[in-house]
Amino acid sequence: MDILKVRDALDVEAAVRAAIASEQPLEIVGHGSKRMVGQPVATNAVLDLSALNAITAYEPSELILTVQAGAPVADVLSLIDSKNQQFSFEPMNTSRLLGTPDIGTIGGMIAAGLAGPRRIQAGGARDHLLGAHAVSGFGDSFKAGGKVVKNVTGYDLCKLLAGSWGTLAVMTEVTLKVMPHAESERTLLLRGLDDIKANKAMTAALGSPFDVSGAAHLPGSALRTTQGPLGEIAAADESVTLLRLEGITVSAKHRATSLATVLSAYGAAEIVEDGASAALWADIRDVVPFAADGPRALWPVWRIVCPPASGGALGQGLAKGSQGEVIYDWGGGLIWAALPPSADAQAAQLRKLVNAAGGHATLVRAPEAVRRGVDVFHPQAPGLAALGERVRNSFDPRNILNRGRMSRGPIA
Amino acid sequence: MTIMMPAADQAVLARRDTIVAALRAIVPGEGVISSAAEMLPYESDGLMAYRQPPMVVVLPDTTEQVSKVLRYCFDNGIKVVPRGSGTSLSGGALPLADAVLLGLGKFKRIREIDFDNRAVVTEPGVTNLALSQAVAHAGFYYAPDPSSQIACSIGGNVAENSGGVHCLKYGMTTNNLLGCEIVLMSGEIIKVGGKAAEPSGYDLMGIITGSEGLLGVITEVTVRILQKPETARALMIGFAEVEEAGKCVADIIGAGIIPGGMEMMDKPAIHAAEAFVHAGYPLDVEALLIIELDGPGVEVDELITRVEAIALGCGSTTCQISTSESERLLFWSGRKAAFPAVGRISPDYLCMDGTIPRAALPLVLRRMKEMSAKYGLGVANVFHAGDGNLHPLILYDANKPGELQRAEDFGADILRLCVEVGGVLTGEHGVGIEKRDLMPEMFSEIDLNQQQRLKCAFDAQGLLNPGKVFPTLHRCAELGRVHVHGGKLAFPELPRF
Ligand SMILES: Cc1cc2nc3c(=O)[nH]c(=O)nc-3n(C[C@H](O)[C@H](O)[C@H](O)COP(=O)(O)OP(=O)(O)OC[C@H]3O[C@@H](n4cnc5c(N)ncnc54)[C@H](O)[C@@H]3O)c2cc1C
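Computed from a predicted structure; not experimentally measured. Numbering of residues starts from 1 in each chain and follows the order in which that chain's sequence is written. Chain A is the first chain written and ligand 1 is the first ligand written, with later ones labelled in order. At least 70 in pLDDT is required for a residue's local features to be given in this predicted model, at least 80 for side-chain atom pairs to be given and counted, and no such filter applies to totals for whole chains, interfaces and linings, which use all residues. Neither water nor hydrogens contribute to the side-chain values; these are computed over all heavy atoms in the structure.

A. Representation of the site of the ligand. Residue and element names in this part refer to chain B. We define proximity as follows: a residue is near a molecule or strand when any one of its heavy atoms falls within 4 Å of that partner. Around the ligand, the surrounding shell holds 32 residues, and the nearest of these are P82, G84, T87, S148 and S153. At 2.6 Å, a side-chain N or O of S153 approaches an oxygen atom of the ligand. Each helix is a run of H or I in the DSSP string that is no shorter than four residues. Each strand is a run of E no shorter than two, and both are numbered from the N terminus. Looking at the shell around the ligand, the elements with two or more residues in it are β3 (79–83), α6 (154–160) and β10 (217–224). Examining the composition of the shell around the ligand, we find that 5 residues originate from one element, α6, more than from any other. Residues of the shell around the ligand, tallied by class, amount to 10 nonpolar, 18 polar and 4 charged. Counting of polar contacts relies on pairs of N or O atoms within 3.5 Å, with two restrictions inside protein: one atom must be capable of donating a hydrogen and the other of accepting it, and residues adjacent in sequence are counted only when both atoms are side-chain atoms. Polar here means any residue outside two lists: the nonpolar Ala, Val, Leu, Ile, Met, Phe, Trp, Tyr, Cys and Pro, and the charged Asp, Glu, Lys and Arg; Gly therefore counts as polar.

B. A look at the domain arrangement of chain A. Residue and element names in this part refer to chain A. For each domain, the first and last residues come from an automatic or database assignment. Parsing chain A into structural domains produces domain 1 (48–180), domain 2 (184–286) and domain 3 (289–373). The C-alpha centroid of domain 2 is placed 29 Å from the C-alpha centroid of domain 1. For this analysis, residues touch if any pair of their heavy atoms sits within 4.5 Å. Listed per partner, the contact involves 11 residues of domain 1 and 13 residues of domain 2. Defined in terms of a 1.4 Å probe, buried area is the accessible area two parts forfeit on being brought together, summed over both. Carbon and sulfur atoms make up 50% of the area that domain 1 and domain 2 hide from each other, which totals about 930 Å². If you sort the residues of domain 1 by the area they bury against domain 2, P117, I120 and Q121 come out on top, with a joint share of 47%. In what follows, salt bridge is the name for a side-chain nitrogen of Lys or Arg lying within 4 Å of a carboxyl oxygen of Asp or Glu. Across the contact surface, domain 1 and domain 2 share 2 salt bridges. With its nearest N and O atoms 2.9 Å apart, the salt bridge here joins R118 to E246. For the pair domain 1 and domain 2, the number of links is 4 residue pairs in polar contact (both at pLDDT 80 or more).

C. Region of the structure containing the interface of chain A and chain B. In this assembly, 86 residues from chain A lie in contact with 97 residues from chain B. Buried surface at the junction of chain A and chain B, summed over both partners, amounts to about 7600 Å²; 62% is from carbon and sulfur atoms. Area buried by chain A at its contact with chain B is led by K150, V152 and Y155 of chain A, which between them contribute 13% of it. Connecting chain A to chain B are 5 salt bridges. Between E198 of chain B and R303 of chain A there is a salt bridge; the shortest N-O distance is 3.2 Å. Our count for the contact surface shared by chain A and chain B stands at 27 residue pairs in polar contact (both at pLDDT 80 or more). Top contributing element to the side of chain A that touches chain B by residue count: helix α15 (residues 382–395) of chain A, with 9 residues. Looking at the side of chain A that touches chain B residue by residue, the class counts come to 40 nonpolar, 25 polar and 21 charged.

Structure below.
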């Protein structure tokens, strides 16, 4: 296996052009923390971006950060944290779920586009990627977007790059929107609700004027064996429903009390503050109940996105039918499902239920043999799939970049 | 006219009667307009310096009809220009002499209001304001609020990725959409997204948003709605220097405060607005900030105190704080009426729309003053200060020979300056025809080629809204060609492991 460690965008161009000439697809890698997500990529050459790791510019008062794509997420997070700022889409740290070391680059973070609990309020990775420099499958460096928060000049190519899993272009530098940390946070805890009731409580909370920035539900059975902060709040086999409020202190306090009143029909809420609250949400974001060092390490894990108000029924049906476990985020709009192992990760049955609910499902964790046999990304209606393929083709007609990672379809 | 549109296809024009008859067979009755007098209202959009009668206007009222119209045009090589309410300020909906103008004005129905999923499914011809009004009884609203919201259509908002004074905190159109239905030039109907927070696969919704009618015709939109904040209050703060106002904006954001809206006006804009609406604006200041804070009462009260202190620290000379809803609206009235107010003091004006890094504001305003002297034309500035989006209004008189050209040259210089200081050509009004020829200021040929390849994925014949956004058109076959470089050696000169 060739590993090509690029030093700059010109190296990336040279590598892609050589790949075109030799008809050799490339696997695009930052730190490789998410290599086991997606269809297995057919290649024996790896393009390693990790040496492209400079911070190009950081302007806290403009709310703008420009970094090279190989910059380590951990370094960047501590840099912006030192100015009391954050990526408000709360990017997921996949290391606990996938069982990798705690590594990862900014390029990978954007290419995967896995947003955390605050997505319901602040949007996803695609809403925070303002600009990018990237090398297409033509071997050309191109620029997308700009370096200001408000920009409608030309097509918004950044939206496509976010969540494209390296199949459209190799990002070499990205400009991201950063936002201030909230001064305070409060989390309301409701205990003992079943999935349907919890979904209703979360729907009521998200339909209130209290600007809820996190709404999750963890059934008792999923929590039973969970270590760490989430395990500690769980009482014997009881579910917990969590609702987060962030802002200046007087406001977070006020809204927590008001929301507790609105939700009183669902029980008396406990309130968790600041650091303790943040620890809970970090573990929800990282799907710790299904961690790779926990009892469900061998269970495949699906990430299901669906209309939020139908999440409770969908999740409950799924868990029953599969003997699996589910947890809910985004007010029911995001379901993580860990299912007992099977040859197809129970894909057929799961997708039937998910389709009926108007959602889609991605197989985020499964052994390579399983991933070879199922569609990791959700199969789309034929017209939409064909359009998506034409879009991919418009960036990479020779299928050089992460060939076949997002689709098992026949390769031209 | 100083901007050239693609030459009309005489062969198509010669077939006009056949085309009109074919369209009538698809869209019966009044849905096809072909008389010169009746087509008059469609000759221009909000960029009124440009007019062009279309070949024919068609106003379908079902997705099926849109699909058939597009399929017919596709099969017969006829260009199509989509149009919502025609308020575009960049000429995006300007007709072409040899094109069908496809109006979505009859798509006026809200299809579904789903409070539990905080989503509304609507036809594209519904106005932005009507959407908010339809959910207001339950305390909800649709956040992006362009000043044209009583007239502009939600389909047009999607096509332009429109903003508004609240987009600093709540985002642009693109940040508030869940899904859409589009019809491709081939007539194929595609559904993207739905009520889930994000779509499967590539984010096609993201690329359709802001595509200015070049990728597909939007026939349905699913938007996200929000609960209205409990309260909103505004501060109106005057400064003797633009620099101080700019510093105040930066300090507010630096303190971690993201106001619901944060607008700046310069002296000419303040004077024009005050003369028009009598909002009580101070006339002896160089810059006026209107800052709105929204949320629970306790939060708003606390933030007002903090913002007031920051402003004082930056040297504010006046500061008024609204104590009632009517006073808050009064503060806004001048800003909201800034365009018509400027329209009163000048026979014509051009509204520009660049974005700059906020820190560059004093420099940009200074250079603009110099340009104003050079071109002999006045300029008034309103500014979405929070996100760096400038709206210089260039004053001119179209009846004076050469003034439109001078105004356009002045505008182009301003936009070049925006790019020079690290900004972009347009923050919310779109490229259209107005900024089309300036695209190379911001993008290289390679950048533009990549964008046009994407166009090929949707409309390989280039029949949908041609002549907009891109200064030069290339054939898709040419754009899609991969150049195979050099020798046989794979991966030369790269470090290996
Ligand atoms: C007084 C005034 C104030 C304004 N204030 C703002 C503001 O604050 N913020 C802002 O962002 N803009 C503003 N605008 C600009 C304009 O209102 C917006 O761009 C608006 O979104 C255009 O909507 P429309 O329905 O009028 O679209 P049109 O002008 O009809 O069309 C605009 C573009 O969209 C395409 N299009 C329209 N409908 C469709 C469809 N269904 N499918 C595919 N393509 C379509 C057209 O081809 C064209 O390219 C203002 C305009 C005016 C006149």
